[in-house]
Amino acid sequence: MIEIEVQNETHQTQERLRFAAVPRIGEGLRLREPDGMWASYDVLDVWYQKAEYGDIWMPYLHVCMTPGEAVGGDDVGKNQEAFDEDASHDLHGEDAFASLAREAEPFKI
């Protein structure tokens, strides 16, 4: 495990977290918010600084909340339409989708 200092631009906080690999610029992370909920963050910058001991370089991440993520519990669901499960299974227009993906059209029985 690699211990990385994560500097959160959204909440102006710094904390050390353990990762299996160092994330790259542009990758997304799921981090726990101060209220205990999980949110998506984008990696803005990755850099390395020499540690105070030995010849070791420590990674640092600069992250910011992904645009579109709700900030705070009051905004959740305000601008979202109600999810209609029946409409999500609508196959209308599947022929057009298949032609865009250059796939064979579904077989009509």
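Shown above is the structure to which this text applies.
Quick caveat: nothing in here was measured; it's all calculated off a predicted structure.

Rules and cut-offs
- Residues numbered from 1 in each chain as written.
- Predicted model: local features only at pLDDT ≥ 70, side-chain atom pairs only at ≥ 80, totals over all residues.
- Heavy atoms only, no water.
- Helix = DSSP H or I, 4+ residues; strand = E, 2+ residues; numbered from the N terminus.
- Buried < 20%, exposed > 50% of the residue type's maximum accessible area, 1.4 Å probe, protein only.
- Contact = heavy atoms within 4.5 Å.
- Areas by Shrake-Rupley, 256 points an atom, 1.4 Å probe, with all protein chains shown as cover.
- Pairing = 2+ DSSP bridges.
- Axes fitted to C-alpha atoms, helices over the stretch in contact; angles between N-to-C directions.

A tally of regular secondary structure across the chain gives two helices and five strands. For the chain, the α and β elements follow one another from N to C terminus as β-β-β-β-β-α-α. Relative to its full complement of 109 residues, the chain shows a buried share of 20%. Counting only contacts in the chain whose residues sit at least 6 apart along the sequence, the fraction spanning at least 24 positions is 33%. Surface accessibility of the chain: about 8800 Å² in total, with carbon and sulfur atoms responsible for 52%.

Along the chain, Met58 turns up in strand S5 (residues 57-65). On the accessibility criterion, Met58 (16% relative accessible area) is buried. Residues Met58 and Ile2 lie 56 residues apart in sequence; the distance between their C-alpha atoms is 8.9 Å. The residues touching Met58, leaving out its near neighbours within four places in the chain, are Glu3, Arg16, Trp47, Tyr48, Gln49, Ala51 and Tyr53.

Paired through their backbone hydrogen bonds, the strands of a sheet run either parallel or antiparallel. Reading across the sheet, the five strands line up as S2-S1-S5-S4-S3 and stay open at both edges, with mixed pairing between neighbours. Looking at the sheet topology across the chains shown, the edges are occupied by strand S2 (13-19) and strand S3 (28-32). Pairwise comparison of adjacent strand axes, ignoring direction, gives a mean angle of 45° for this sheet. Bridge analysis of S3 against strand S4 (residues 38-50) gives five bridges, and the strand direction is antiparallel.

Despite not being glycine, Gln12 has its phi angle at roughly 55°, a positive value. In this structure, Gln12 sits in the loop between strand S1 (2-8) and S2. Overall, the relative accessible area of 66% leaves Gln12 in the exposed class.

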